[in-house]
Amino acid sequence: MTLGRHGDYFLFFGLPRRLAVNQQDLEQRFRALSRQFHPDYFYNSSSTERLASLERSSYLNDAFRTLRDPIERLEYLLKLEGFAPKEAHESSTQVPPALLEEVFELNEELEAIQEMREGGAPAADVAARLDAARKPIESNLAEHERQVSALMATHDQQWHDGDLAGRHATLEALRALLVERTYLTNLIATVRREVGGDAAAAR
Amino acid sequence: MSKVVGIDLGTTNSLVAIVRDGRPVVLADESGDKLLPSIVSLGDLDTIYVGREAQRRLLTDPSRTVYSVKRFMGRGIEDVAGESRWFPFTVSGEAGGVVHIALGDRDLTPPEVSGFILRELKRRAEAAFSAEGDFDPEVDRAVITVPAYFNDAQRTATRDAGRLAGLEVLRIINEPTAACLAYGLDQRHQGVIAVYDLGGGTFDISILKVEDGVFQVLSTNGDTHLGGDDVDRLLVELVAADTGLDPEQHRDAVQAVRKAVIQAKWDLSEFDAADIVVDRLPGRDGGYRRRVTRAEFEALVAPIVARTLEPCRRAIEDAGLTASQVDEVVLVGGSTRIPMVRREVERLFGKTPHSDINPDEVVALGAAVQADILVSGRREMLLLDVTPLSLGIETMGGIVSKIILRNSTIPASGSEMFTSFVDNQTAVDIHILQGEREMAVDNRSLGRFKLRGIPPMPAGLPRIQVRFQIDANGILSVHARELRTNIEQSIEVKPSYGLTDEEVERMLIESFEHAQEDVDARMLIEIRNEAETILQATEKTLRRPDFEEIAAARLTSAEVTAIREGLAELAAAMSTADREALRAKSQALNDATKHLAEVMMNWTVQAALAGRTTADVESKGR
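All values derive from a computational prediction rather than experimental measurement.

A. Spotlight on the overall build of chain B. Counting secondary structure elements, chain B contains 16 helices and 28 strands. In terms of overall dimensions, chain B is globule-like: its C-alpha atoms have a radius of gyration of 26 Å, near the 25 Å expected for 622 residues. By its C-alpha atoms, chain B is 95 × 55 × 55 Å across when sized along the principal axes. Split into buried and exposed, the 622 residues of chain B put 46% on the buried side. Partitioning the contacts of chain B with sequence separation of at least 6, the portion at a separation of at least 24 is 67%.

Below, the structure written as structure tokens:
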């Protein structure tokens with residue numbers, strides 16, 4: 001992970017490396033920094049200053065986009081602390097071990113639904129069964145969200161206490177949860193698309 | 001000190017504004033007109049006419065006159081093939097390249113045509129400064145507005161047009177954002193604001209958050225090919241179906257019909273019915289007349305209005321909001337005068353939209369405010385806009401890899417690593433695209449470039465970082481660096497739908513050659529403009545469905561006769577170059593209609609008191 005010339009996003013915003021962020025405070029900092037760096041205020045300046053303003057405000061905008069979203073913020077912090085998922089494609093294609101059983105069941109159910117569809121079952125019935133098939137994954141995702149929130153709070157407490165070893169263990173756990181979460185989100189999106197197609201056919 | 005102005009370069013009309021004593025004002029021409037019709041006509045001896053004179057020439061010399069050129073900016077022939085048959089001018093160009101417009105024996109690109117419009121606005125502003133006794137009236141810098149949904153090629157074409165007009169374009173800003181800036185001046189409008197901008201040729205919706213003087217755009221959406229022009233075309237097609245008019249055979253007749261349907265469209269914003277009246281039409285003795293009711297009109301334009309609603313919903317969703325979280329809705333653009341548009345917007349957002357600032361002027365006012373911010377360096381207000389479309393590059397299999405996502409606050413940057421596929425490969429081809437679709441072919445091609453000068457190394461070893469930078473204008477630049485050697489690569493992007501710098505330079509020289517100023521001709525145009533204003537105001541009154549009723553009650557038959565005669569005489573004088581006659585007949589008609597004007601004023605007041613519908617009768621300065 002190479003850092004920008006302006007330090008990392010947290011440093012740039014004058015924030016500690018914690019996962020909880022006060023949204024309103026973040027927005028205020030963003031507006032203040034925008035007032036400092038925006039190219040609009042450097043029209044009469046030298047070309048070096050103009051370029052610096054362009055670079056800094058780009059960096060600022062990227063940083064704000066990342067920090068305001070809790071999950072993007074978490075992913076960014078993981079990268080900063082050396083806990084990045086190994087490769088982006090790995091996390092989305094390989095089934096995380098903890099989800100193997102659930103995904104296996106879902107695939108069987110989807111196959112059954114496919115047969116049902118080919119057998120000429122009414123589109124509304126197919127859609128309803130697809131909907132039902134989605135339910136367990138959705139509740140699993142909700143459970144993940146809860147765990148992520150809890151671990152984020154733990155992380156911030158450990159940061160506060162200066163418990164480095166504990167923090168690293170928490171970040172490691174968060175990384176694993178995030179990989180699963182991404183997988184679950186993609187899975188749900190896939191099933192939703194199928195449902196959408198069937199719902200459209202039912203109309 | 002030379003001057004800086006704000007310019008709204010519109011599809012139908014263009015305006016120029018400045019900040020004077022801390023307030024933005026729109027500058028009028030010598031006849032008092034604030035709107036400059038965005039029409040360019042090529043006269044004899046290569047004289048260029050812009051504005052109302054060019055508008056008149058649409059009827060007399062349609063094949064040498066261009067309107068709605070904004071629809072062609074940064075576009076290819078394949079984009080405009082469907083509508084070009086309704087235009088009187090000939091549009092040509094190779095697929096995947098810049099459109100060309102034939103005017104007489106000249107072949108112009110859209111930035112050149114727009115450049116003529118900008119040059120006229122520059123002249124107008126300089127005349128206004130001179131009239132105030134300014135010793136240095138030169139205007140050499142401008143902020144120019146574009147639809148928020150304009151892509152990179154369309155923005156670049158607009159900037160080129162400015163250069164061709166001798167203007168340094170300090171900034172390109174988005175029209176809805178400019179409008180919001182004008183509204184936000186007084187600090188009264190805070191919170192989440194939706195700007196619905198339906199103009200002559202383009203539609204934009206922007207959702208902004210206004211707080212502490214910072215105008216932050218949260219999301220934007222739109223359609224750069226949707227507006228009042230489309231309404232006009234539906235009405236023209238209606239008349240064509242009635243009369244069997246062939247647009248390709250009778251280009252001048254189509255323009256007469258177009259003028260008539262635009263009048264009827266305007267009337268329908270005030271009245272429940274209006275007549276489309278065309279005096280002469282090929283194959284029809286006694287001309288053409290057809291009554292259109294508001295209900296018929298709304299049935300006709302409903303699909304157009306509906307097409308604006310989906311982008312609104314997407315913009316609200318992209319902002320992470322629901323419609324009820326929008327605090328205020330602002331209407332911009334002439335087409336928002338259509339009652340059905342107002343109704344549908346109100347229904348979507350669940351609140352009455354407002355248009356306290358004239359929707360024709362508000363964008364130019366905002367542009368002037370932004371121009372003032374740039375030159376003064378004052379920091380009370382700041383505009384943070386977004387890029388409307390995602391930016392990406394084509395990867396293996398024709399799939400787009402997105403580098404900067406839509407609705408990212410600009411300036412924004414992103415980078416991508418490239419390497420070589422074979423040993424000692426020294427160049428890589430890169431294709432830049434803009435749009436949301438997954439496949440490269442479905443998106444807008446912005447340009448291609450060859451990354452050269454890669455040091456010869458085994459395949460996969462070079463690490464070339466390509467940096468994409470979108471500046472505050474929403475315009476892209478590209479830089480590349482080989483990280484192992486730290487060598488900066490020079491990149492020249494060949495724009496797919498734009499002009500190269502050399503082409504702009506050459507056009508700049510050519511436009512100087514043809515720049516000529518004829519004082520006599522200009523005076524004649526001014527007199528004609530004034531005459532036309534009186535003509536149109538009188539015709540508009542006579543077209544009112546209740547005119548006969550009013551005349552019977554309040555005017556003598558001698559007065560009505562005098563008005564009709566005065567109108568006919570002035571109309572006849574319009575086709576001559578006789579300045580004295582035009583002046584005299586204008587005065588005569590003005591005198592003949594004096595009592596009528598009073599009567600109309602009283603009638604309106606009484607009708608309003610009686611609770612009858614007179615929806616913003618006065619606010620229409622047409």
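B. A look at the overall build of chain A. A count of helices and strands for chain A gives 8 helices and 0 strands. Listing the helices and strands of chain A from first to last along the sequence gives α-α-α-α-α-α-α-α. Each of the 203 residues in chain A was classed as buried or not, and the buried ones make up 22%. Considering only contacts in chain A between residues 6 or more positions apart, those separated by 24 or more positions represent 68%.

C. View of unusual backbone geometry. Residue and element names in this part refer to chain B. The amide bond that connects Ile410 to the next residue, Pro411, takes the cis arrangement and shows omega of 0°. For Pro411, the position within the fold is in the loop between β21 (400-404) and β22 (412-418). Despite not being glycine, Ser68 shows a phi value in the positive range, around 50°. Summarising the element assignment, Ser68 is placed in the loop between β7 (65-67) and α2 (77-80). The class of Ser68 is partly exposed, set by 19 C-beta atoms lying within 10 Å. For Asp212, which is not glycine, the phi dihedral falls at a positive 50°. Secondary-structure assignment places Asp212 in the loop between β14 (203-211) and β15 (214-223).

D. Region of interest: the interface of chain A and chain B. Contacts between the two partners involve 15 residues from chain A, matched on the other side by 18 residues from chain B. In terms of residue count, helix α3 (residues 47-68) of chain A provides more of the side of chain A that touches chain B than any other element does, 6 residues in total. Broken down by class, the residue content of the side of chain A that touches chain B amounts to 4 nonpolar, 6 polar and 5 charged.

E. The packing of helix α14 (residues 557-574) of chain B against helix α15 (residues 579-592) of chain B, seen in detail. Residue and element names in this part refer to chain B. Direction vectors running N to C along α14 and α15 enclose 160°, while the axes themselves pass 9 Å from each other. Judged on the interaxial angle alone, α15 and α14 are roughly antiparallel. Here the hand of the crossing between α14 and α15 comes out left-handed. Two secondary-structure elements touch here, α14 through Ala562, Ile563, Gly566, Leu567, Glu569, Leu570 and Ala573 and α15 through Ala581, Leu582, Lys585, Ser586, Ala588, Leu589 and Ala592. By residue class, the composition of the contact of α14 with α15 is 10 nonpolar, 2 polar and 2 charged.

F. Structural detail: the sheet that holds strand β19 (residues 382-384) of chain B. Residues and elements named next belong to chain B. The mixed open sheet is built from 5 strands, whose spatial order is β18-β13-β14-β15-β19. One side of each edge strand has no neighbouring strand; the edge strands of this open sheet are β18 (328-332) and β19. The mean inter-strand angle of the sheet, taken between neighbouring strand axes irrespective of direction, is 25°. Pairing of strand β13 (residues 191-198) with β18 involves 5 bridges; the strand directions are parallel. From the neighbouring strand, Ile193 faces β18, where its bridge partner is Glu328. Contacting β13, β14 and β15, helix α8 (residues 294-318) runs over the sheet at an angle of about 140° to β15.

G. View of the nonpolar core. Formed by 149 residues in total, the largest nonpolar core has its most connected members in B:Val5 and B:Ala367. Element by element, the count of residues in this core is highest for helix α10 (residues 362-376) of chain B, at 10 residues. When neighbours within four sequence positions are excluded, B:Ala367 is seen to be in contact with B:Gly6, B:Ile7, B:Asp8, B:Ala17, B:Val143, B:Ile144, B:Thr145, B:Ile173 and B:Ala178. Grouped together as the second largest cluster of nonpolar side chains are 17 residues, A:Leu19, A:Phe30, A:Leu60 and A:Leu74 included.

H. Representation of the confidence of the model for chain A within the structure. Per-residue pLDDT for chain A averages 84, and the proportion of residues at 70 or more is 87%. Note on residues 198-203 of chain A: pLDDT is under 50 here. Beyond four places in sequence and across chains, it has 9 contacts.

I. Local environment of the sheet that holds strand β6 (residues 48-50) of chain B. All names here are of chain B. Read from one edge of the open sheet, 3 strands run β6-β5-β7, paired in antiparallel fashion. Edge positions in the sheet fall to β6 and β7, since each has one partner strand and no second. Strand-to-strand twist of the sheet, defined as the mean angle between neighbouring strand axes without regard to direction, takes the value 15°. The sheet contact formed by strand β5 (residues 39-42) and β6 spans 3 bridges and is antiparallel. Counterpart to Val40 in the pairing with β6 is Val50. Against the sheet, helix α1 (residues 52-60) touches β5, β6 and β7, its axis set at about 65° to β5. Each of β5, β6 and β7 touches helix α3 (residues 110-131); the most contacted strand, β6, lies at about 65° to it.

J. Inspection of α14(B) at higher detail. Residues and elements named next belong to chain B. Taking 1.5 Å as the rise per residue, α14 with 18 residues should run 26 Å; its terminal C-alpha atoms sit 26 Å apart, in good agreement. When we look at burial in α14, the residues that qualify are Ile563, Gly566, Leu570 and Ala573. The buried residues of α14 all sit within an arc of 100° when viewed along its axis, so they share a single face. Turned more than 90 degrees away from the buried face of α14, the exposed residues are Ser557, Thr561, Ala568 and Ala572. Those residues of α14 hidden inside the fold are in contact with α12 (519-543), α15 and α16 (594-609).

K. Up close: the confidence of the model for chain B. This prediction gives chain B a mean pLDDT of 88; 96% of its residues lie at or above 70. Under the prediction, the complex receives an ipTM of 0.80, its pTM being 0.85.

L. The packing of α8(B) against helix α9 (residues 339-349) of chain B, seen in detail. Residues and elements named next belong to chain B. Here α8 crosses α9 at 35°, and the two axes come no closer than 10 Å. Classified by chirality, the crossing of α9 by α8 is right-handed. In contact with Glu298, Val301, Val305, Leu309 and Cys312 of α8, α9 contributes Met340, Val341, Glu344 and Leu348.

Thresholds, definitions, all that
Each residue is numbered by its place in its chain's sequence as written, counting from 1. Naming scheme: in the order in which they are written, chains are lettered from A and ligands are numbered from 1. Owing to the predicted nature of the model, reporting of local features is limited to residues with pLDDT of at least 70; listing and counting of side-chain atom pairs is limited to 80 or more, with chain, interface and lining totals taken over all residues. Numbering of helices and strands starts at the N terminus; helices are DSSP runs of H or I of at least 4 residues and strands are runs of E of at least 2. Only the C-alpha atoms count toward the radius of gyration. The rule for a globule is 2.2 Å times the residue count to the power 0.38. Our exposure labels follow a C-beta count within 10 Å of each residue's own C-beta, placed from the backbone: buried means 20 or more other C-beta atoms, exposed means 12 or fewer, and partly exposed covers the counts in between. By the convention adopted here, residues are in contact when the distance between their C-beta atoms, placed from the backbone, does not exceed 7 Å. When residues are sorted by character, Ala, Val, Leu, Ile, Met, Phe, Trp, Tyr, Cys and Pro go into the nonpolar class, Asp, Glu, Lys and Arg into the charged class, and all the rest, Gly among them, into the polar class. Angles here are taken between N-to-C directions and fall from 0 to 180 degrees, while the axes themselves are lines fitted to C-alpha atoms, restricted in helices to the stretch in contact. With respect to orientation, any angle under 35 degrees is reported as roughly parallel, any angle over 145 as roughly antiparallel, any angle of 65 to 115 as roughly perpendicular, and every other angle as oblique. Should the near helix be turned anticlockwise from the far one by less than a right angle, the crossing is left-handed, and should it be turned clockwise, the crossing is right-handed. Strands were regarded as paired on the criterion that DSSP finds at least two bridges between them. Here, a nonpolar core means buried Ala, Val, Leu, Ile, Met, Phe, Trp, Tyr and Cys residues linked by C-beta atoms lying within 7 Å of one another. Scored between 0 and 100, pLDDT is the confidence that the predictor attaches to each residue. A helix is expected to span 1.5 Å for every residue after the first. Throughout, the arc means the angular range of directions from the helix axis out to the C-beta atoms.

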